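Residue-level structural notes
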Amino acid sequence: DVVLTQTPPTLSATIGQSVSISCRSSQSLLHSNGNTYLNWLLQRPGQPPQLLIYLVSRLESGVPNRFSGSGSGTDFTLKISGVEAEDLGVYYCVQSTHAPPTFGGGTKLELK
Amino acid sequence: EVQLVESGGGLVQPKGSLKLSCAASGFDFNSYGMSWVRQAPGKGLDLVADISSKSYNYATYYADSVKDRFTISRDDSQSMVYLQMDNLKTEDTALYYCTVVLGYWGQGVMVTVSS
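This structure is a prediction, so every number in the text was calculated from the model and none was measured.

What follows is about the overall build of chain B. Across its full length, chain B carries 0 helices and 11 strands. Each helix and strand of chain B, placed in order from N terminus to C terminus, yields the pattern β-β-β-β-β-β-β-β-β-β-β. Taking 2.2 N^0.38 as the reference for a compact globule, 115 residues should give roughly 13 Å; the C-alpha atoms of chain B span a radius of gyration of 13 Å, in line with that estimate. If one aligns the C-alpha atoms of chain B with their principal axes, the spans along those axes are about 40 × 25 × 25 Å. Residues classed as buried in chain B amount to 48% of the 115 residues present. Counted over contacts in chain B with a minimum sequence separation of 6, partners at least 24 positions apart contribute 51%. Total accessible area computed for chain B in this model is approximately 5,700 Å², and 46% of it derives from carbon and sulfur atoms. In chain B, the 9 positive side-chain charges and the 12 negative ones have mean positions that sit 6 Å from each other.

Okay, here's the thing in structure tokens:
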């Protein structure tokens, strides 16, 4: 199975600060059809995960544009340009290029 | 709007059974694979099982930890997906989510296995 390694496991930020989360895959996530099936999810406390980014860099409808995704192959990054209080929670990357789909271990974003 | 509503959770004794249901709406259910993902208290997300669409012959996948104990199924006519859980163990205690394309999630249903 594909292993996704997220770093850092915990991230402390102040409101307005820009932060990045890394997701590294044990193998390339480029599918034979040319797509890269790498999503980013946010799970706020007590809530189900919600989709932020799909196909590496496409912003889900309704998600603020302070969130952005980038990367290719095995290295991916989620950036938040100006953290807001509502952004606190646990971020997960998830891949579905290779079966079975797998999740990163999560990055907890907390207030400094 | 995509909606996924799970039901069927609860408290069950070890070796008991439960059947989870997920009612889907707001998208072309017949065209998408569906998954069950669980989250133990304070832990991360783990894929339990998934089932592909008819186009892919309803192929199924199970995590090793639930193989031969859990069965995923779907009813395209009702836009429903199910998870039959047998021979439950204490380590199956978790919040179970129904999800489509691992991007849209239900609110989850709690399963507690305890004597």
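Next comes the rest of the account.
What chain A contains, in helices and strands, is 0 helices and 11 strands. Overall, chain A shows an N-to-C arrangement of helices and strands of β-β-β-β-β-β-β-β-β-β-β. Over its C-alpha trace chain A gives a radius of gyration of 13 Å, about what one expects of a compact globule, namely 13 Å for 112 residues. Seen through its C-alpha atoms, chain A measures out along the principal axes to roughly 40 × 25 × 25 Å. Sequence-distant contacts in chain A: of pairs separated by 6 or more residues, those separated by 24 or more amount to 53%. Of the roughly 5,100 Å² of accessible surface on chain A, 48% is carried by carbon and sulfur atoms. Distance from the positive charge centre (7 side chains) to the negative charge centre (7 side chains) of chain A: 4 Å.

Right, let's talk about the pattern of salt bridges for a bit. Residue and element names in this part refer to chain A. Here the structure, examined in full by the defined rule, presents 8 salt bridges over all chains. Where Arg-66 meets Asp-87, a salt bridge forms, and the shortest distance between an N and an O atom there is 2.7 Å. Here Arg-66 is found in the loop between strand 6 (58–59) and strand 7 (67–72), whereas its partner Asp-87 is found in the loop between strand 8 (75–81) and strand 9 (89–95), with 21 residues between them in sequence. There is no split in this pair, since Arg-66 and Asp-87 are both buried.

Parameters at a glance
Residues numbered from 1 in each chain as written. Chains lettered and ligands numbered in written order. Predicted model: local features only at pLDDT ≥ 70, side-chain atom pairs only at ≥ 80, totals over all residues. Heavy atoms only, no water. Helix = DSSP H or I, 4+ residues; strand = E, 2+ residues; numbered from the N terminus. Rg over C-alpha atoms; globule rule 2.2 N^0.38 Å. Buried < 20%, exposed > 50% of the residue type's maximum accessible area, 1.4 Å probe, protein only. Contact = heavy atoms within 4.5 Å. Areas by Shrake-Rupley, 256 points an atom, 1.4 Å probe, with all protein chains shown as cover. Lys, Arg positive; Asp, Glu negative; His and termini not counted. Charge placed at Lys NZ, Arg CZ, Asp CG, Glu CD. Salt bridge = Lys/Arg side-chain N within 4 Å of Asp/Glu carboxyl O.

Function-wise, these values are silent; they only describe arrangement.
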